[in-house]
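Now for the letters of each chain:
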Amino acid sequence: METDGNGSVFQTYVPKSLFGIVDVIVQFQSNIPQSYKVLPNGKIELQFLLEGSDVLDHKFAESSSNKSQFSYLFSATSKPHYPSFKKINMVLIIMSPIAAKALFGLPARELYNNCIEPTMLKNSINEIQYRLNTLPTFNERAWFLEKFLVQKIQESADASMMSKLLNQIEILNRQRNKSWQYTQLNLDHINFSKSHFHRLCNDWLGMSYYSHVQLQQFRNTAFSLNQSISLSNRTFDHNYYDQSHFIRKFKQFADMTPTAYIKAPKLEDQETLVLPFSE
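Worth saying up front: this structure is predicted, and the values here are computed from it rather than measured. (Residues numbered from 1 in each chain as written. Predicted model: local features only at pLDDT ≥ 70, side-chain atom pairs only at ≥ 80, totals over all residues. Heavy atoms only, no water.)

Considerations on the environment of Gly105
Summarising the element assignment, Gly105 is placed in the loop between helix H1 (99-104) and strand E10 (114-116). The exposed category is assigned to Gly105, whose relative accessible area is 55%. Put simply, Gly105 and Asp158 are 53 residues apart on the chain and 8.3 Å apart in space, counted from C-alpha to C-alpha. (Helix = DSSP H or I, 4+ residues; strand = E, 2+ residues; numbered from the N terminus. Buried < 20%, exposed > 50% of the residue type's maximum accessible area, 1.4 Å probe, protein only.)

Quick look at the nonpolar core
Among the nonpolar cores identified, the biggest contains 64 residues, and Ile25, Phe48, Ile93, Met95, Leu145 and Leu187 are the most heavily contacted of them. It is helix H3 (residues 138-154) that contributes the most residues to this core, seven residues altogether. Once you skip the residues sitting within four places of it in the chain, Ile93 turns out to touch Val22, Val24, Ile25, Ile44, Glu45, Leu46, Phe48, Leu145 and Leu149. Within the second largest apolar cluster, 19 residues are counted, among which are Phe10, Phe60, Met90 and Leu92. (Core = buried A, V, L, I, M, F, W, Y, C linked by side-chain atoms within 4.5 Å. Contact = heavy atoms within 4.5 Å.)

Here's the deal with helix H6 (residues 209-225)
The terminal C-alpha atoms of H6, which comprises 17 residues, lie 24 Å apart, in line with the 24 Å expected from a rise of 1.5 Å per residue. The buried count for H6 comes to 13 of 17 residues, which makes it a mostly enclosed element. (Expected span 1.5 Å × (residues − 1).)

Digging into the pairing of strand E8 (residues 71-75)
For E8, a buried count of five out of five residues is recorded, marking the element as mostly surrounded by other parts of the structure. Side-chain alternation along E8 places Ser71, Leu73 and Ser75 on one buried face and Tyr72 and Phe74 on a second face that is also buried.

So, the environment of Trp204
Tracing the backbone shows Trp204 in helix H5 (residues 194-204). Overall, the relative accessible area of 4% leaves Trp204 in the buried class. On a C-alpha basis, the gap between Trp204 and Arg109 in space is 7.8 Å, while along the polypeptide they are 95 residues apart. Contacts of Trp204, omitting those with residues within four sequence positions, involve Pro97, Ile98, Lys101, Ala102, Ala108, Asp158, Met161, Met162 and Leu165.

Things to note about the environment of Gly42
Relative to the elements of secondary structure, Gly42 occurs in the loop between strand E4 (34-38) and strand E5 (44-49). Along the sequence, Gly42 and Leu215 sit 173 residues apart, while their C-alpha atoms lie 7.4 Å from each other. If sequence neighbours within four positions are ignored, Gly42 has contacts with Ser75, Ala76, Thr77, Pro97 and Leu215.

With respect to the pairing of strand E9 (residues 81-95)
Burial of E9 is extensive: 13 of the 15 residues sit out of reach of the surface. Looking at chain direction, strand E3 (residues 22-30) and E9 are connected through eight bridges and run antiparallel. Note on E9: the bridge partner recorded for Val22 is Met95. Sheet topology places E4 next to E9; three bridges connect them, and they run antiparallel. Residue pairing across strands places Ser35 opposite Ser84, the latter belonging to E9. Both E5 and E9 contribute to a ladder of six bridges, which runs antiparallel. Bridge pairing in E9 links Leu46 to Ile93. (Pairing = 2+ DSSP bridges.)

Quick word on unusual backbone geometry
Phi at Asn113 takes a positive value of approximately 50°, unusual for a residue other than glycine. One non-glycine residue, Asp255, adopts positive backbone phi at about 55°. Its place among the elements puts Asp255 in the loop between helix H8 (243-254) and helix H9 (258-263).

Details of the pattern of salt bridges
On inspection of all chains with the given rule, the structure shows four salt bridges. Ionic pairing is found between Asp255 and Lys79, a salt bridge with its closest N-O pair at 3.0 Å. Separated by 176 residues along the polypeptide, Asp255 in the loop between H8 and H9 and Lys79 in the loop between E8 and E9 bring together distant segments of the chain. Using a relative accessible area of 26% as the deciding quantity, one classes Asp255 as partly exposed. With a closest N to O distance of 3.8 Å, Glu127 and Arg131 form a salt bridge. You can see Glu127 and its partner Arg131 sitting in helix H2 (residues 125-134), four residues apart, about one turn around the helix. (Salt bridge = Lys/Arg side-chain N within 4 Å of Asp/Glu carboxyl O.)

Structural notes on the side chain of Thr183
Mapped onto the elements, Thr183 comes out in strand E12 (residues 182-185). Exposure remark for Thr183: the relative accessible area of 5% places this residue in the buried category. At a separation of 2.6 Å, a polar atom in the side chain of Thr183 contacts the side chain of Asp23. Not counting residues within four places of it along the chain, the set of residues in contact with Thr183 comprises Phe19, Asp23, Lys43, Ile169, Glu170 and Ile171. (Polar contact = N/O pair within 3.5 Å; in protein donor to acceptor, adjacent residues only side chain to side chain.)

What to know about the packing of aromatic side chains
Throughout the structure, instances matching the rule amount to eleven aromatic pairs. For the ring pair Phe28 and Phe85, a centre distance of 5.9 Å and an interplane angle of 75° mean the geometry is edge-to-face. Placement of the pair is Phe28 in strand E3 and Phe85 in strand E9, with a sequence separation of 57 residues. Ring centres 5.6 Å apart and planes at 80° place the aromatic pair Phe197 and Tyr209 in the edge-to-face group. One end of the pair, Phe197, is in helix H5; the other, Tyr209, is in helix H6, and twelve residues separate them in sequence. With respect to class, Phe197 is no different from Tyr209; both count as buried. Site record: aromatic cluster; members linked through ring pairs are Phe218, Phe246, Phe250, Phe253 and Tyr261. (Phe/Tyr/Trp six-rings, centres within 6.5 Å; stacked < 30°, edge-to-face > 60°.)

Just distances and angles here, no functional claims.
Right, here's the structure in full:
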């Protein structure tokens, strides 16, 4: 269990039986009104709001807005999203983009900077809502969700392709306590025709492979900026052409310059790159 300076509580659980598909299950609780800017990670996220939550808004990119109900499925892929609440008690499942197809039978492209109701869970959603609100501890909630998702994987019609993609998973550990394994896909050595590869990326990554690599490049750079290393070093370490190219590409994903990002307050050790935000 972790707390931040505002008294918010984070609890995390890594479901080992879902390696490469689910990175982490998180419960986040706060009784203090807060707004956040969450930088894009390309992950698929499934959120459940527990009893007592009062969410004000959840804006994606620059224009779309979604007032949350009990649950929703979303992905911030190329722009930040902006959750805002009076108080919150939520369980969040952070997943590889391949989870869209593997778990929900949904082309990942449909979640590109988008937020939808998980209608594909309609036969299970009432049970999930009841169990999450009545199970007494976070670990019991996390174990229940892990078991449910394992069953969904076993029902998947895309087991063969899912297995191939899981062999391409790389693990990146950025947190100091090493308890949260951040995974990413490296498809450099997948041998398909150009058209087949393009379809695969749209269905399983939600974007072109070039865009996927650019997003990972941005995130690696953002984490390295947290280490107080100069902008010029970041330019060459992460294969940008020059500093102006680096600044332009960083701003494209973060809606802020690298210098503004360095100066901004941040939530420590949060893999989602979360910044407290006020308009």
